Amino acid sequence: MSVTFFVSGDSDAVDPPTLILTNNQARDLLHWLGLPFRELCGSMWAADLAERIRRVLHPEVVDVGDEGEPPVTLTHPSGGSDFFGGRPLGALAGWARQLLRITEKAGLGDVAWT
C-alpha cells in the first residue's frame, strides 16, 4: 500500500507535484514532522505544513531522528537473500524537501495525503 501527498482542490499547476511513499515511509515522515501518523490520510494548510517542514529541515536539527533504518533480511536455505524495507540515512529530509515543493505549489490552499 502507498500514501500520496498532493495539492488538494483546484490548482493552476499543469503537472502538480506528488510524493508517493509506502505506508511505513509515510508514517515515519508524518511522525518526524510531528503530525498524527496513525491514520494515513489528512490535510493541512500548505503554509502551516511548510513552516513545520522548514523547522525540521533547519541545519541544527535536520539529522535528529533521520538516522535511517537497516532493511529486514530474509535468508533462504538455498543461500539467497531478500531485503525488505529499511531507510537510508537522510531519507526523511529528502522526502520533506519534496513535500515542501508541494506546499509551494499549493500556495494558499492545502496539501492532502491519502
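None of the values given here were measured: they were computed from a predicted structure.

When you go through the protein chain residue by residue, the secondary structure sums to 3 helices and 6 strands. Written out in order from the N terminus, the α and β elements of the protein chain read β-β-α-β-α-β-β-α-β. The buried share of the protein chain, taken over its 114 residues, is 31%. Counted over contacts in the protein chain with a minimum sequence separation of 6, partners at least 24 positions apart contribute 58%. For the protein chain, the accessible area works out to roughly 7200 Å², and carbon and sulfur atoms hold 55% of it. The averaged location of the 15 negative side-chain charges in the protein chain is 2 Å from the averaged location of its 9 positive side-chain charges.

What follows is about the layout of surface pockets. Size it by volume and the largest pocket reaches roughly 200 Å³. Lining the largest pocket are T22, N24, Q25, D28, E69, P70, V72, F84, G85, G86 and R87. Of the residues forming the lining of the largest pocket, the biggest block, 3 residues, is contributed by helix α1 (residues 23-32). Residue composition of the lining of the largest pocket, by class: 3 nonpolar, 5 polar and 3 charged.

Here we come to the side chain of T103. Relative to the elements of secondary structure, T103 occurs in helix α3 (residues 91-106). Apart from residues lying up to four places away in sequence, T103 is in contact with A46, L49, A50, I53 and V111.

Before going further, it helps to spend a moment on the pattern of salt bridges. When charged atoms on two side chains of opposite charge get close, those side chains can pair. Applying the stated rule across the entire model yields 4 salt bridges. Where D28 meets R87, a salt bridge forms, and the shortest distance between an N and an O atom there is 2.7 Å. In this pair, D28 is assigned in helix α1 and R87 in the loop between β5 (81-84) and α3, connecting sequence segments 59 residues apart.

Attention shifts here to the packing of aromatic side chains. Applying the stated criterion to the full structure yields 1 aromatic pair. With a centroid separation of 5.8 Å and 35 degrees between ring planes, the pair formed by F5 and W113 is classed as tilted. Placement of F5 in strand β1 (residues 2-7) and of W113 in strand β6 (residues 110-113) is noted, with a sequence separation of 108 residues between them. A single burial state applies to F5 and to W113, both of which are buried.

The 4 strands are arranged β2-β1-β6-β3 in an open sheet whose pairing can be described as antiparallel. Here the strands that pair on one side only, and so sit at the sheet edges, are β2 (18-22) and β3 (42-45). Put simply, the sheet's adjacent strands are angled 15 degrees from each other on average, direction ignored. Seen against the sheet, helix α2 (residues 46-56) touches β3 and β6 and runs at an angle of roughly 90 degrees to β3.

Closest axis-to-axis distance for the α1/α3 pair is 10 Å, and the angle between their directions is 80 degrees. Judged on the interaxial angle alone, α3 and α1 are roughly perpendicular. Touching Q25, D28, L29 and W32 of α1 are L92, A93, W95, A96 and L99, all from α3. For the contact of α1 with α3, the per-class residue count stands at 7 nonpolar, 1 polar and 1 charged.

Rules and cut-offs
- Residues numbered from 1 in each chain as written.
- Predicted model: local features only at pLDDT ≥ 70, side-chain atom pairs only at ≥ 80, totals over all residues.
- Heavy atoms only, no water.
- Helix = DSSP H or I, 4+ residues; strand = E, 2+ residues; numbered from the N terminus.
- Buried < 20%, exposed > 50% of the residue type's maximum accessible area, 1.4 Å probe, protein only.
- Contact = heavy atoms within 4.5 Å.
- Areas by Shrake-Rupley, 256 points an atom, 1.4 Å probe, with all protein chains shown as cover.
- Lys, Arg positive; Asp, Glu negative; His and termini not counted.
- Charge placed at Lys NZ, Arg CZ, Asp CG, Glu CD.
- 1 Å grid on protein atoms, 1.4 Å probe; cavity = no way out; pocket = protein on both sides within 12 Å on 5 of 7 lines; lining within 4 Å.
- Points joined across faces, edges and corners; volume = space filled by probe spheres on them.
- Nonpolar A, V, L, I, M, F, W, Y, C, P; charged D, E, K, R; others polar.
- Salt bridge = Lys/Arg side-chain N within 4 Å of Asp/Glu carboxyl O.
- Phe/Tyr/Trp six-rings, centres within 6.5 Å; stacked < 30°, edge-to-face > 60°.
- Pairing = 2+ DSSP bridges.
- Axes fitted to C-alpha atoms, helices over the stretch in contact; angles between N-to-C directions.
- Parallel < 35°, antiparallel > 145°, perpendicular 65-115°, else oblique.

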